[in-house]
Amino acid sequence: MGQQIVNGLFLGSIYALFALGYTLVFGVLDILNLAHQAVFMLCAYVALLLVGSLHLHMFAAFPLAVLAGGLLGIVVDRVAFKPLRGRSDSNISGLISSIALATILEAVGLQLFGPDVERFPLGTVPDRGIQIGGAVVSEIQVVIIAIALLVMGALTFLLQRTRLGRRIRAVAESPLAARILGVNVDRIIAAAFFLSSALGAAAGVLFGLAFNNVAPDMGRAVELKGLAVIILGGMGSMPGAAVAGFALGLLEVFTVAKLGSSYRDAIAFGVLFLVLVVRPHGLFGKAALREA
Amino acid sequence: MRFAGRLTLVAASFLFAAPQARAETVKIGAAFSLTGNAAAYGAQQKAGVLLAAEEVNKSGMLPGITLEVVVEDDGTNPQQGIAVFDRFINRDKVSAIIGPTLSTLAEAADPRAQEQKTPVVAVSNTKPNAITTIGDYIWRVSLTEAQVIPSATRAARAKLGFKTAGLLYGNDDAFTKAGFDVMKSALEKEGVQILGIQTFATKDRDFNAQLTALKGLKPDVLFVSALVEQAGSIAVQARQLGYTGPMLGGNGFNSTKFIQLAGPAAEGVLVGTAWNRASQDPLNQKFIAAMKARGTDPDQFAAQAYTGVLVVAEAVKQAGMKGGRDDVKAGLAKVKDLPTPLGAFSFLPNRDGDHAAAVQVVKGGKFEILQ
């Protein structure tokens, strides 16, 4: 029982970390960036190269991989979204072009690293377990849950209390009004992509570390779950993505424990459906007043 | 003058015919992947068949007959495999074909041999319910997973004496699902109580929930049917959760990639295998020594390829020392309890091979035979 709670929190923190990046871009641009999972995958490889080939310590490799993810995010914006911005159908065309970019990035990963599953070298992170009342928690799990909570706190602070955060919120409210007020909208959008993809990169590296598993198709494991999380939490809502991430993780784990793993996705998506029937905008979503 | 000429011709043909009858050559075509993706297997197989042919010729097992093995490269490519088969059948006029290395190539090339009524002995194709279903000229030495798992389960139970088991498998992949079905029926046959069954999807990388649930049931052993991509993560997570009992894996675990991915968590994991390398059978020991003397440390592929040639030689013997294609086919049906490095070898009625399988255990980062 205790062990399953730990398992659920752990899985949930990875979902939440991944979904926060998704929802940040959606909140600002009303666009789903489906290349997010490719950034997730490529940055896991970046960390693997830094640790495996350059023999950097994980504490050095992690921030570098996250930085690489942020820069890759700016590339994603420039290539997949910026050329389409301002068109009347940019929501749909941007969605499609981000799928194309995801396919390209995945193919690049496949070419560079091959189809085989890789793992971080043994001993990259200490493989010790901590006993907490019958449950075993490994150090990497504690670190991942802590990083997820820390990042959520930092992101909330950034959006609510800083100049950049205020500008991001202003652009989210109305790009036109923000531009009139002297905000460089393109730069703010680039900053949002940088933050979003840095979060995706962090999730990717931690995922690879936690499951000893880095492969060109690893993003598929979280892509759909991440979408479910942001819909459940309310599109564009940061606290929503965090709460829904943990909720989905716990829900999946307890379905496996109580009903059996065959029912896992059926229950998870069934609950998603019910929530949307009762609350069409998700747990924390606001009704779309903005459009009026 | 004409009469005399004819006489000398008859005499000459008599003179030439006599020694030919005493040293007939039976040709075997061996199609292996010597280049391409499966090249690592092909090199072992080539060394195995060449050694076997040499030993058969030296042993006097086939008086008056010399075995000649022609090895060709199928390039790990179906088109090239078909071309090699055509060459064997039409130009080299072989009595039987051994190979090709991979099941996918066999499915492309074997129908050619079936059409031309040329016997094929598969020595490394393991796809279940396939290959030998192509036709009555196709025979198989290599055991399928459906054959290895029951035998490995029996052997592992004899050593470890488990009474209860937990099962974990991927339910959206044909191979892992088939492996699970075999595991379940093998456990039921052995009277092992199945406490719980958990599933996962191919793209899953987190198995903590399933493993925690299974661990809570306290099974004596964990049976896992997974691809190698998941196998490593499953072993690591099971050990992290504090599961210390034995684990038996399907074919996905049967690779050094699994050991690399799982690291120390791979220790003690059991995997079925067709060749018991540690068998003290003198024939097996002699085979290993002879291979090593030729500079090859033999693996399962070499042992199965070696056995393939022995089986064809036995078929020729059973057919009354005749090496025609239909003689070999008739002889293959009579191969029974033939001593080979794989153990006593027979064919099942469906032309799949039958011999005892063994269990490997990971020890010190390497596969060893469970003794």
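Parameters at a glance
Residues numbered from 1 in each chain as written. Chains lettered and ligands numbered in written order. Predicted model: local features only at pLDDT ≥ 70, side-chain atom pairs only at ≥ 80, totals over all residues. Helix = DSSP H or I, 4+ residues; strand = E, 2+ residues; numbered from the N terminus. Contact = placed C-beta atoms within 7 Å. Rg over C-alpha atoms; globule rule 2.2 N^0.38 Å. Nonpolar A, V, L, I, M, F, W, Y, C, P; charged D, E, K, R; others polar. Buried ≥ 20, exposed ≤ 12 C-beta atoms within 10 Å, placed from the backbone. Pairing = 2+ DSSP bridges. Right-handed = clockwise from strand over helix to strand, strands pointing away. Arc of directions from axis to C-beta. Core = buried A, V, L, I, M, F, W, Y, C linked by C-beta atoms within 7 Å. Domains from an automatic or database assignment. pLDDT = per-residue confidence, 0-100. Axes fitted to C-alpha atoms, helices over the stretch in contact; angles between N-to-C directions.

**A word on the overall build of chain B**
In terms of regular secondary structure, chain B is built from 12 helices and 15 strands. Each principal axis of the C-alpha atoms in chain B carries an extent, and together these give about 100 × 40 × 35 Å. Taking as baseline every contact in chain B between residues at least 6 positions apart, the subset at least 24 positions apart corresponds to 69%.

**Topic: the overall build of chain A**
Along its length, chain A carries 11 helices and two strands. Computed over its C-alpha atoms, the radius of gyration of chain A comes to 19 Å, within 12% of the 19 Å expected for a compact globule of 292 residues. Expressed along its principal axes, the backbone C-alpha trace of chain A runs to roughly 55 × 50 × 35 Å. Sequence separation of at least 24 residues holds for 74% of the intrachain contacts in chain A that already meet a minimum separation of 6.

**Quick word on the interface of chain A and chain B**
When the parts of a complex come together, some accessible area is lost, and that lost area is often used as the size of the interface. Taken together, the contacts link 26 residues of chain A with 22 residues of chain B. Looking at the side of chain A that touches chain B, the elements with two or more residues in it are helix H1 (2-29), strand S2 (135-138), helix H9 (220-233) and helix H10 (238-258) of chain A. A per-element tally of the side of chain A that touches chain B places H1(A) first, with five residues. Considering only residue class, the side of chain A that touches chain B consists of 12 nonpolar, 10 polar and four charged.

**Regarding the pairing of strand S10 (residues 269-273) of chain B**
All names here are of chain B. Of all five residues in S10, five are buried; the element is thus mostly enclosed. Side chains Val 269, Val 271 and Thr 273 project from S10 onto one buried face, and the interleaved Leu 270 and Gly 272 project onto a second face that is buried too. Across three bridges, the pairing between strand S9 (residues 247-249) and S10 is parallel. Its bridge partner lying in S10, Leu 248 is registered against Leu 270. Handedness of the β-α-β unit built from S9, helix H9 (residues 256-262) and S10 comes out right-handed. Pairing geometry for S10 and strand S14 (residues 358-363), over four bridges, is antiparallel. Pairing of Val 271 across the sheet is with Gln 360, part of S14.

**Describing helix H12 (residues 325-332) of chain B**
Residues and elements named next belong to chain B. Residues of H12 that are buried: Val 328, Lys 329, Gly 331 and Leu 332. Projected down its long axis, H12 shows its buried positions confined to an angular sector of 165°, all on one face. Considering only its buried residues, H12 is in contact with strand S3 (96-98), strand S5 (138-140), helix H11 (300-318) and strand S12 (343-347).

**Here we look at the pairing of S12(B)**
The side chains of a regular strand alternate between both faces of the sheet. Residues and elements named next belong to chain B. Pairing of strand S11 (residues 338-340) with S12 involves three bridges; the strand directions are antiparallel. Pairing of Leu 338 across the sheet is with Phe 345, part of S12. The loop that links S11 with its antiparallel partner S12 comprises two residues. Counted between consecutive antiparallel strands, the loop separating S12 from strand S13 (residues 353-354) contains five residues, among which Arg 351 sits at a positive phi close to 75°.

**With respect to the nonpolar core**
Taken as a class, soluble globular proteins show a tendency for nonpolar side chains to be buried jointly. Within the largest apolar cluster, 213 residues are counted, with the highest numbers of intra-cluster contacts made by Cys43(A), Ala44(A), Ala47(A), Ala65(A) and Val309(B). Two domains share this core, each providing at least three of its residues, namely domain 1 (19-143 + 280-356) and domain 2 (146-273) of chain B. Leave out the neighbours within four places in its chain, and Val309(B) touches Ile28(B), Val49(B), Ala52(B), Ala53(B), Val56(B), Val69(B) and Ile98(B).

**Some remarks on the confidence of the model for chain B**
All names here are of chain B. When pLDDT is averaged along chain B, the result is 89, and 94% of the positions lie at 70 or above. Confidence over residues 1-21 falls short of pLDDT 50; this stretch has zero contacts with residues more than four positions distant or in other chains. Scored by ipTM, the complex comes to 0.82, with pTM at 0.76.

**What to know about the domain arrangement of chain B**
All names here are of chain B. For chain B, the domain assignment lists domain 1 (19-143 + 280-356) and domain 2 (146-273). Placing the centre of domain 1 and that of domain 2 at their C-alpha centroids yields a distance of 33 Å. Across the contact, four residues belong to domain 1 and six residues belong to domain 2.

**Quick look at the sheet that holds strand S2 (residues 65-73) of chain B**
Residue and element names in this part refer to chain B. Sheet architecture is open: five strands sit in the order S2-S1-S3-S4-S5, paired in parallel fashion. If you trace the sheet from one side to the other, it starts and ends with S2 and S5, each paired once. With direction set aside, neighbouring strand axes in the sheet form an average angle of 25°. Taken together, the nine bridges between strand S1 (residues 24-32) and S2 define a ladder with parallel strand orientation. Bridged to Lys 27 within S2 is Glu 68.

**Quick look at unusual backbone geometry**
All names here are of chain B. Residue Pro 100 follows Gly 99 across a cis peptide bond; omega there is -10°. With respect to the element layout, Pro 100 can be found in the loop between S3 and helix H4 (103-115). A positive phi angle is found at Asn 129, which is not glycine, with a value near 50°. A residue is classified by how many C-beta atoms lie within 10 Å of it, and Asn 129, with 11 of them, is exposed. Notably, Lys 218 is not glycine yet its phi reads approximately 55°, a positive angle. In this structure, Lys 218 sits in the loop between helix H7 (208-216) and strand S8 (221-225).

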